[in-house]
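Structure at a glance
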Amino acid sequence: NSIPFGVIYVPLGTYKLSSKISLNASGYILKGDGPDITVLEFYGDNGIKTGIEVNNGSWDDATETYTFGGTSIGSTKIQDMSIVSATSVDSTGVVFARATKQCSLDRVKIVGWNVPYRMYGSWYAKMNQCSIESNVNPGRVGYETNDFTWFECDHTSNANGHIEFESTGTCRKLQYISGSLDGLPSLFGVYIKNVSSFTFRDVYMEIYSGDSTTAPFVQCGQNSFNVC
């Protein structure tokens, strides 16, 4: 079958990578054959701090900061693959940095990272039917990420929590729809801070009696409004 222009197709198999992937252009699709079928395995001992980045400027892996680069990036997508870390030390699986618009993760499984994903000022982004499993820390959302939706996503056994909102900038109009937050967080399930309008709808949340959570499963910090 022919591959449409703008599609970077990665067929079934496990690919061991020694450098990050930068998708710093609009309209591209990085596409595999499905989670656990196409597997991108990154090796942090070779200096990788980020697996895949989508941004229009400069993302600094070491300091986790971003320098704005001008034109926005839109409609770039990552689809149908697993993104796996061979080491969880100081690593982030996927970064959507500032001035990305309408980008998405579709049917992606993220496993084994220190931080599975980071949304840093991304607008109208979506995580669709993704699995976030067995990472050390929560996925992090911050720096004025607006109109962001998780749809039919499962967060499972991420040790120190599933989702955390960072302190820089207010995030607005976030939705977690028809998914699950399940299993083994040692700190919290979701920590909501500096968020204006967060909606949970048809979400399964479970904490087991043997879990070591030391805070409420859903915890609201300062400057959070309209959480329902």
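What you are looking at is a predicted structure, and each value in this text was computed from that prediction instead of being measured.

**Here's the deal with the environment of Pro11**
Following the sequence through the fold, Pro11 ends up in the loop between strand 1 (7–9) and strand 2 (13–17). With 27 residues separating them along the chain, Pro11 and Thr38 place their C-alpha atoms 6.3 Å apart. Among residues more than four places away in sequence, those in contact with Pro11 are Asp33 and Thr38.

**Focus on the pattern of salt bridges**
Following the criterion strictly, the structure yields eight salt bridges and no others. Its salt-bridge partner being Asp80, residue Arg107 comes within 2.6 Å of it at the nearest N-O pair. Separated by 27 residues along the polypeptide, Arg107 in strand 13 (residues 104–111) and Asp80 in strand 10 (residues 77–85) bring together distant segments of the chain. The partner of Asp147 in a salt bridge is Lys173, and the shortest N-O contact between them spans 3.4 Å. Of this pair, Asp147 sits in strand 18 (residues 146–151) while Lys173 sits in strand 21 (residues 171–177), and the two are 26 residues apart along the sequence. By relative accessible area, which is 22% here, Asp147 ends up partly exposed. Salt bridges linked by common partners bring Lys31, Asp80 and Arg107 together as one network.

**Overview of the packing of aromatic side chains**
Summed over all chains, the structure comprises eight aromatic pairs. Pairing Phe42 with Trp113 gives two aromatic rings, centres 5.7 Å apart and planes at 55°, and the pair type is tilted. Placement of Phe42 in strand 5 (residues 38–42) and of Trp113 in the loop between strand 13 and strand 14 (115–120) is noted, with a sequence separation of 71 residues between them. Owing to a relative accessible area of 1%, Trp113 belongs among the buried residues under this scheme. The structure contains a cluster of three or more aromatic residues connected by ring pairs, namely Phe148, Trp150, Tyr176, Phe198 and Phe200. Over the aromatic face of Phe151 sits the side chain of Lys126, whose NZ or CZ is 5.1 Å from the ring centroid.

How each quantity is defined
- Residues numbered from 1 in each chain as written.
- Predicted model: local features only at pLDDT ≥ 70, side-chain atom pairs only at ≥ 80, totals over all residues.
- Heavy atoms only, no water.
- Helix = DSSP H or I, 4+ residues; strand = E, 2+ residues; numbered from the N terminus.
- Contact = heavy atoms within 4.5 Å.
- Salt bridge = Lys/Arg side-chain N within 4 Å of Asp/Glu carboxyl O.
- Buried < 20%, exposed > 50% of the residue type's maximum accessible area, 1.4 Å probe, protein only.
- Phe/Tyr/Trp six-rings, centres within 6.5 Å; stacked < 30°, edge-to-face > 60°.
- Lys NZ or Arg CZ within 6 Å of the ring centre and 35° of its normal.

Honestly, it's all geometry; don't read function into it.
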